[in-house]
Amino acid sequence: YRIVKRLNILIITVLFSLSLTAQVGRELYRPAYHYSPSYNWMNDPNGLVYYNGKYHLFYQYNPLGSTWGNISWGHAVSTDLINWEQKPVAIPVQNGVMAFSGSVVVDWNNTSGFGINGKPPLIAIYTGSGTVQDQRIAYSNDEGVTWTNYSGNPVINSTNKQFRDPKVCCHAETQKWIIVVGL
């Protein structure tokens, strides 16, 4: 029993030591298997979608600093979920409204009508946070490089300051989009 216990402690110690010295390329302390942007504050993941041979990760991001604030959506892409390429900000703060958590879906059948040239759009459903929180939509026709805010935003109004984190999925049996939002 003592030998097994000591062996377990040794294994845990070695793994912990390796995790402290993990590096990607020349960047000491950057996690090897968990994405992090090259600089500034990040938080909640907003969506991981696979489209056109790439995984697209969207996440809460402050492009202007290393602390909470100016909440926008960061974007990174990968072909293997290990090596990531950071892309420009996907959804920035606009007119004083920050882009809080949400989700991204690929509208494979273009039920939204946002797709062009027979290609399905990426659709972001996110919480707009200003004086209140509401739900908004943005869409992309170039694999998340640029985003267009839906002209009918907000799509779900609120007078509440705690109304956020929409998660969306397509229910195949009823051919309807389902949204769950926290209030």
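Heads up: these notes are all about the structure in this document.

Rules used throughout
Residues numbered from 1 in each chain as written. Predicted model: local features only at pLDDT ≥ 70, side-chain atom pairs only at ≥ 80, totals over all residues. Heavy atoms only, no water. Helix = DSSP H or I, 4+ residues; strand = E, 2+ residues; numbered from the N terminus. Buried < 20%, exposed > 50% of the residue type's maximum accessible area, 1.4 Å probe, protein only. Contact = heavy atoms within 4.5 Å. Areas by Shrake-Rupley, 256 points an atom, 1.4 Å probe, with all protein chains shown as cover. Pairing = 2+ DSSP bridges. Axes fitted to C-alpha atoms, helices over the stretch in contact; angles between N-to-C directions. Disulfide = S-S within 2.5 Å.

1. Topic: the overall build of the protein
Scanning the protein from terminus to terminus reveals one helix and twelve strands. Reading the helices (α) and strands (β) of the protein from amino to carboxyl end gives α-β-β-β-β-β-β-β-β-β-β-β-β. Going through the 183 residues of the protein one by one, you find that 36% of them count as buried. Counting contacts in the protein only where the partners sit at least 6 residues apart, residues at least 24 apart contribute 42% of the total. When the accessible area of the protein is evaluated, it comes to approximately 11400 Å², of which 57% is carbon and sulfur surface.

2. A look at the sheet that holds strand 5 (residues 72-78)
Strand order in this open sheet of four strands is 3-4-5-6, and the pairing throughout is antiparallel. Strands at the two margins of the open sheet, each flanked by one partner only, are strand 3 (42-51) and strand 6 (85-91). Strand-to-strand twist across the sheet, computed as the mean angle between neighbouring axes with direction ignored, equals 25 degrees. For strand 5 and strand 6, the ladder comprises four bridges, and the chain directions are antiparallel. Across the sheet, Trp73 pairs through a bridge with Ile91, a residue of strand 6.

3. A few points about the state of the cysteines
A complete count under the given rule lists zero disulfides for this structure. Cysteine Cys170 remains unbridged, with the sulfur of Cys169 as its closest cysteine sulfur at 7.5 Å.

4. Topic: the sheet that holds strand 7 (residues 98-106)
Consider a sheet: its strands pair through backbone hydrogen bonds, and that pairing is either parallel or antiparallel. Judged by pairing direction, the sheet is antiparallel, and its four strands sit side by side in the order 7-8-9-10 without closing on themselves. If you trace the sheet from one side to the other, it starts and ends with strand 7 and strand 10 (148-149), each paired once. In this sheet, strand 10 lies alongside strand 9 (residues 133-140) in antiparallel orientation, the contact comprising two bridges. Each bridged residue has a counterpart across the sheet, and for Ala138 the counterpart in strand 10 is Asn149.

5. Concerning unusual backbone geometry
A cis amide bond, omega -5 degrees, links Asn153 with the succeeding residue Pro154. Tracing the backbone through its elements, the reader meets Pro154 in the loop between strand 10 and strand 11 (164-171). You will see that Asn95, though not glycine, has its phi angle at about 55 degrees, which is positive. You can see Asn95 is positioned in the loop between strand 6 and strand 7. For Asn95, a relative accessible area of 83% translates into the label exposed.

6. Examining the side chain of Ser103
Within the element layout of this structure, Ser103 appears in strand 7. Contact partners of Ser103, with chain neighbours within four places excluded, come to Asn46, Trp73, Ile123, Ala124, Ile125, Pro166, Lys167 and Val168.

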